[in-house]
Amino acid sequence: MNAAYRPRNPGHDYHSRGIYLVTLVVSGRKPLLGTLGRDVGHPSVALTPLGLRVQEAWQQIPARQQAHGNHVAVHACVCMPEHFHGVIEVQEPMAWSLGDIIQAFKATCTRAWQALEGLDSSSNRPISVDCTGPDAPAWLREKATALMETTAAQPTEGALVRSLSHKQRREYYTLVGRCQQPLFDENYDDTVCLDSRHRDAMIAYVQDNPRRAILRRTLPDVLQRSLHLQIGSRSYGAFGNLFLLRWANKLQVQCHRRHPVTGQPYETTPDYARDHAQWLSAILGGQTVIVTPGISRGELLMKNECLERGYPLIHLQKEAIGPFWKPERQRFEACANGNLLILAPWGVEKMEPVAGVPADTDYSQFHNLNAIAAELCAFNGQAKIVSV
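Residues numbered from 1 in each chain as written. Predicted model: local features only at pLDDT ≥ 70, side-chain atom pairs only at ≥ 80, totals over all residues. Heavy atoms only, no water.

1. Notes on the sheet that holds strand 4 (residues 72-79)
Moving on, step 1. Read from one edge of the open sheet, 4 strands run 4-5-1-6, paired in antiparallel fashion. Strands at the two margins of the open sheet, each flanked by one partner only, are strand 4 and strand 6 (189-192). Neighbouring strand axes in the sheet, compared pairwise and without regard to direction, differ in orientation by 20 degrees on average.
Moving on, step 2. Where strand 4 and strand 5 (residues 83-90) come together, 7 bridges link them in antiparallel fashion. Within strand 5, the position partnered with Ala 73 by the bridge is Glu 89.
Moving on, step 3. Against the sheet, helix 3 (residues 98-116) engages strand 1 (18-25), strand 4 and strand 5, with an angle of about 40 degrees to strand 1. (Pairing = 2+ DSSP bridges. Helix = DSSP H or I, 4+ residues; strand = E, 2+ residues; numbered from the N terminus. Axes fitted to C-alpha atoms, helices over the stretch in contact; angles between N-to-C directions. Contact = heavy atoms within 4.5 Å.)

2. Details of unusual backbone geometry
Moving on, step 1. Its identity is not glycine, yet Arg 29 carries a phi of approximately 50 degrees, on the positive side.
Moving on, step 2. Take Arg 29: it is sitting in the loop between strand 1 and strand 2 (34-36).
Moving on, step 3. On the basis of relative accessibility, which here comes to 37%, the residue Arg 29 falls in the partly exposed class. (Buried < 20%, exposed > 50% of the residue type's maximum accessible area, 1.4 Å probe, protein only.)

3. Brief notes about the pattern of salt bridges
Moving on, step 1. Here the structure, examined in full by the defined rule, presents 14 salt bridges.
Moving on, step 2. Arg 211 is the salt-bridge partner of Asp 208, the closest N and O atoms lying 2.7 Å from each other. Residue Asp 208 and its partner Arg 211 are both found in helix 8 (residues 196-218); the two are separated by 3 residues, about one turn of the helix. Each member of the pair, Asp 208 together with Arg 211, is buried.
Moving on, step 3. A salt bridge links Arg 211 to Glu 333, with the nearest nitrogen and oxygen atoms 2.3 Å apart. Taken together, the residues Arg 211 in helix 8 and Glu 333 in helix 11 (residues 329-336) connect sequence positions 122 residues apart.
Moving on, step 4. Judged by relative accessible area, which is 14%, Arg 211 ranks as buried.
Moving on, step 5. Given the relative accessible area of 23%, Glu 333 is considered partly exposed. (Salt bridge = Lys/Arg side-chain N within 4 Å of Asp/Glu carboxyl O.)

Quick look at the structure:
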């Protein structure tokens with residue numbers, strides 16, 4: 001699997017009903033699908049002929065899959081210059097999996113790209129073209145021979161490629177050249193929809209992608225992404241305004257779920273009201289950034305108040321930040337305004353157990369994230385970007 005992609009959801013049945021946000025990346029991240037506009041007020045992508053063909057192929061998925069007995073619908077898509085997002089719904093259980101459908105879509109897009117480039121389709125390319133030359137490695141000749149012995153006719157390049165390991169596939173594409181490679185990277189990213197609200201958020205995210213991309217281009221300082229940001233001895237994924245780490249006064253917001261004496265929800269108690277007044281006074285006094293994972297109800301209320309009112313905030317989350325991770329709209333807007341930094345500590349699920357509770361449980365992660373928040377408030381050094 002390409003390390004640029006997170007693993008797909010283990011244990012999920014991709015043959016069953018479901019709605020998915022799918023992301024595919026053009027091989028080499030080449031901007032073949034379009035050109036991003038520059039006006040954030042009127043965000044757009046001017047599609048190339050290939051981008052138009054990809055968009056058309058996505059819209060044709062339901063009709064193409066109907067012929068195979070698969071009932072699917074597509075709800076939204078966007079071609080960005082070097083990647084593609086689409087929301088697809090599996091309406092009835094299928095013999096095919098979602099991966100089979102996406103593979104068929106990718107193959108259609110590859111054929112369209114090769115046709116526009118005036119190239120022969122790689123899906124009909126005889127493997128003898130690649131296996132008999134002087135540069136062909138021995139393992140490739142052996143693989144081709146084995147395939148021909150098990151098929152009545154000479155197998156196509158597609159049959160050959162499907163039989164290769166990931167390492168062999170990379171070597172094979174180096175041999176045959178870019179023009180015979182698929183248009184998109186061989187893997188893809190999917191997010192499983194949780195409910196109707198999540199579905200609406202997926203569609204809104206797809207439609208808002210051009211505007212987000214223009215903002216990232218025009219506001220690089222406050223919309224930075226770092227896969228490995230070194231702060232002290234710990235490494236984080238990060239997104240947002242890294243300058244917030246340099247603020248002199250960082251204040252941790254930490255709340256119990258229940259009041260330790262009365263057992264009431266802590267956010268309903270006079271103690272919480274007193275704490276909140278102190279936090280607010282520090283913020284309005286200037287040069288104070290709130291640091292919290294926002295897990296308990298009291299922490300969540302303060303986190304949301306910061307987001308809604310534009311108060312400076314460092315938000316710790318347990319979900320990893322990968323190469324294609326992006327925050328939902330509210331936090332994205334806060335980042336764009338320079339008011340937010342999102343940090344995801346690597347390995348939080350493997351930290352020390354808390355009170356004998358395993359480290360990968362919500363209980364331990366809640367306590368460990370708050371311990372990390374305390375570390376960040378005490379940190380006065382320079383953070384180091386290891387990789388972006």
